[in-house]
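# Per-entry structural report
Take a look at the letters that make up each chain.
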Amino acid sequence: MNLIIQTIIGSEAELNAQGRLNAQTRDSVRLKWYEAERRILRTTTEGGRDIAFKLLKEGQRLHHGDVVYLSDTLAISVAIEPSEVMVLSPQTLPEMARACYEIGNKHTPLFLEGNELLLPYDKPLFEWLCAAGFAPQRACRRLSEQLRANSAQGAGGHGHSHNPHGHTHNHN
């Protein structure tokens with residue numbers, strides 16, 4: 001069975017509540033957090049089914065528990081695997097702003113879960129965060145709600161440039 005997925009049907013919770021998730025066979029596609037960010041991906045489900053994602057609609061991202069295929073006999077959902085992360089728990093709004101600003105300057109993916117910031121574990125960054133007074137913790141968590149900068153410069157730009165003599169920001 002070769003499946004090409006172009007849309008996300010809904011979450012398991014939504015479909016269960018609507019009484020639509022009653023397929024006899026359940027299968028899942030296990031993904032790493034960074035694979036869930038891709039728009040085009042070919043992989044295999046746990047049940048051995050070949051599956052290709054072609055999510056071309058703007059803003060479509062795979063999340064843990066998304067149902068991507070549903071028939072009377074089969075439901076396929078996404079399972080994002082937990083990974084090693086750094087957890088920051090800023091206590092004040094200024095502390096949260098400083099953490100986001102500093103991490104953003106390092107171009108590291110940043111995730112928000114409740115009042116906690118999660119980042120993929122990276123030893124040099126972990127040590128830098130400790131030295132900067134952020135008191136990060138190591139944990140194993142599922143990364144799923146990545147913060148995105150919606151820039152006015154367009155999809156390709158990220159608002160500043162790098163030069164060999166240092167890091168400068170453009171203020172237009």
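One can find the structure itself at the top, above this paragraph.
First, a word on scope: everything that follows refers to the structure included in this document. (Residues numbered from 1 in each chain as written. Predicted model: local features only at pLDDT ≥ 70, side-chain atom pairs only at ≥ 80, totals over all residues. Heavy atoms only, no water.)

Let's shift gears to the nonpolar core. Counting 21 residues, the largest nonpolar core has Leu31, Ile51, Phe53, Leu62, Val68 and Val78 as its most contacted members. Secondary-structure elements contributing two or more residues to this core are strand E1 (2-5), strand E3 (25-31), strand E5 (50-54), strand E7 (74-80) and strand E8 (83-88). Discounting chain neighbours no more than four positions away, the residues touching Leu62 are Ile8, Leu31, Ala36, Phe53, Leu55, Val68, Val78 and Ile80. By size, the runner-up hydrophobic cluster in this structure holds 12 residues, among which are Leu88, Leu110, Leu119 and Leu129. (Core = buried A, V, L, I, M, F, W, Y, C linked by side-chain atoms within 4.5 Å. Buried < 20%, exposed > 50% of the residue type's maximum accessible area, 1.4 Å probe, protein only. Helix = DSSP H or I, 4+ residues; strand = E, 2+ residues; numbered from the N terminus. Contact = heavy atoms within 4.5 Å.)

Let us look at the side chain of Asp66. Within the element layout of this structure, Asp66 appears in strand E6 (residues 66-70). The charged side chain of Asp66 is buried without a salt bridge, its nearest counter-charge being Arg61 at 10 Å. Separated by 2.8 Å, the side chain of Asp66 and the backbone nitrogen of His63 make a polar contact. Setting aside residues up to four positions removed in sequence, Asp66 forms contacts with Ile8, Gly10, Ser11, Arg61, Ile76, Ser77 and Val78. (Lys, Arg positive; Asp, Glu negative; His and termini not counted. Salt bridge = Lys/Arg side-chain N within 4 Å of Asp/Glu carboxyl O. Polar contact = N/O pair within 3.5 Å; in protein donor to acceptor, adjacent residues only side chain to side chain.)

With that out of the way, let us pick up the sheet that holds E3. If you trace the four strands from one edge of the open sheet to the other, you get E2-E6-E7-E3, paired in mixed fashion. Both edges of this open sheet fall to strand E2 (10-11) and E3, since each of them pairs with a single strand only. Pairing analysis gives seven bridges linking E3 to E7, with the strands arranged parallel. Paired with Asp27 across the strands is Ile76, a residue of E7. (Pairing = 2+ DSSP bridges.)

Tallying each qualifying case throughout the model produces nine salt bridges. The residue Glu46 makes a salt bridge to Arg30 at a minimum N-O spacing of 3.7 Å. In this pair, Glu46 sits in the loop between strand E4 (40-44) and E5 while Arg30 sits in strand E3, placing the two residues 16 residues apart along the sequence. We note a salt bridge from Lys32 to Glu81, for which the minimum N-O separation is 3.0 Å. Of the two residues, Lys32 is situated in the loop between E3 and E4 and Glu81 in the loop between E7 and E8; the sequence distance between them amounts to 49 residues.

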